[in-house]
Amino acid sequence: MQTQIKTITAESIAEAKNLIFSGGVVAIPTETVYGLGGNAFDDQAVQKIFEVKGRPNDNPLIAHVHSDYDLSKIIDYDPPYAKKLREAFLPGPLTLVYPSTGKVSKYVSCGLNTLAIRVPAHEGAQALLRALDIPMVAPSANLSKHVSPTSAEHVYDDFEGKIPLILDGGACEGGIESTVCDVTGDIPVILRPGLITREMIAKVVGACGEYTPDFQSGEKVKSPGVLYKHYSPRCQTRLFTANELERAVAECVKEKLAGKRVAALCEEQFVMLFEQSGVETLNLGRTESEMAARLYELLRKAEKVCDVLITIEPTEKSGVMVGVLNRLRKACTSSDIKH
Ligand code: AMP
Ligand code: MG
């Protein structure tokens, strides 16, 4: 199969629509990362997405809809606070997990009785969703465990020859995946941190919890995606805190002397320190939005230019950085299951 990359026009949207209605999978841009889109009502299309990504079959998918889609078709209960969240943040990078009517393919939620729904703000994604007027599942368009894609080229690198079409909407502005928030209980609970922060949600509805899986208790994990090693570049990675900078520099120098290609991925304030020791750097930037937007681009660059990537945890650990740190730590774990 030849994989075509096309800019977003009325024709390419019509082509994507035809492919999706005939059971195909198409890569699409969103404001967070690129997604692999398929018809959420079509069992075979949903299964194909799991297959092409190599995604574990207990990691449910998010259904994407346009901003005027009638949610009552697919959700069973809509608490009043969820409406407030939609009004405040949608369209945008917030996924809400509702009790499901079970109308979409049973493969979407992997046996859970809930359905995750997102309304992307990206104009190209909205145009396609309006043309489809059905929910479209769209997990991040990367091979499972690999770094998420923030450009059409990233998608091509992972899926050349495996999908027919990539809609090219340029570089994603947000850079990390949506916040996933459970709205099935009395208050919203964040299952995966992202660009819409716990503080932002609590400000709108008064309270917001954060889910941390208790692996010891044997409880069924609420959002299976949180378990996996993920977002990982194909080079060795090591993660240091900002208190361990000297050790990190020494590690870079040692690896270089051993003939390895090494780079340090760090926020801007530490760049000089590495460069003074002759270590190449990948600069995450200064602000939280810069760091979120650059993270995956730099992890994908790292695997092309490094044998060993030394990463330094950014010093700010609240707000959007909760999401950035979550991705960075998973990218740098060596274990397959992150406890
Ligand atoms: P991705 O689309 O690859 O960014 O991953 C989707 C994320 O949403 C994963 O972390 C999933 O575990 C999570 N997710 C999707 N559907 C549900 C659901 N029904 N309940 C809880 N988490 C979900
Ligand atoms: Mg993903």
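As a reminder, the structure under discussion sits directly above these lines.
Here is a short report on the structure shown in this document. (Residues numbered from 1 in each chain as written. Chains lettered and ligands numbered in written order. Predicted model: local features only at pLDDT ≥ 70, side-chain atom pairs only at ≥ 80, totals over all residues. Heavy atoms only, no water.)

Quick word on the sheet that holds strand E3 (residues 35–39)
Our working rule: A pair of strands is considered paired only if DSSP assigns at least 2 bridges between the two. Here a strand is any run of E in DSSP of at least two residues, a helix any run of H or I of at least four, and the numbering for each starts at the N terminus.
Spatial strand order, E1-E8-E2-E3-E7-E4-E6-E5-E9-E10-E11: eleven strands in an open sheet with mixed pairing. The outermost strands of the open sheet, each flanked by one partner alone, are strand E1 (4–7) and strand E11 (209–210). Bridge count for E1 against strand E8 (residues 165–168) is four bridges, and the pairing is parallel. Residue Ile-5 lies in a different strand from E8, and its bridge partner there is Ile-166.

Looking at the nonpolar core
Here is the rule: Here the nonpolar core consists of buried residues drawn from Ala, Val, Leu, Ile, Met, Phe, Trp, Tyr and Cys, with membership extended through side-chain atoms lying within 4.5 Å. Throughout, exposure labels follow a simple rule: accessible area from a 1.4 Å probe, protein chains only, divided by the maximum for the residue type, with under 20% read as buried, over 50% as exposed, and the rest as partly exposed. Throughout, a residue-residue contact means that at least one pair of heavy atoms, one from each residue, lies within 4.5 Å.
Ranked by size, the top nonpolar core spans 43 residues in total, and within it Leu-94, Ile-163 and Ile-201 carry the most contacts. Elements with a minimum of two residues in this core: helix H2 (43–53), helix H3 (80–89), strand E5 (94–99), strand E6 (114–118) and helix H5 (152–159). Non-local contacts of Ile-163, meaning those with residues more than four positions away in its chain, are made with Met-1, Gln-2, Thr-3, Val-25, Ala-27, Leu-36, Val-52 and Val-155.

Details of the side chain of Thr-32
Position of Thr-32 relative to the elements: it lies in the loop between strand E2 (26–28) and E3. Thr-32 has contacts with Pro-93, Arg-118, Thr-150, Cys-172, Gly-174, Gly-175, Ile-176, Glu-177 and Ser-178, leaving out every residue within four places of it along the chain.

Observations concerning the pattern of salt bridges
Let me state the cut-off plainly: Salt bridge, as used here, is a side-chain nitrogen of Lys or Arg placed within 4 Å of a carboxyl oxygen of Asp or Glu.
Enumeration over the complete set of coordinates arrives at 19 salt bridges. Residue Lys-254 pairs with Glu-251 through a salt bridge whose shortest N-O separation is 3.9 Å. Linking Lys-254 with Glu-251, this pair stays in helix H7 (residues 245–257), spanning three residues, or about one helical turn. The class for Lys-254 is exposed, based on a relative accessible area of 52%. Several salt bridges converge on common partners, so that one network encompasses Arg-238, Glu-251, Lys-254, Glu-255 and Lys-260.

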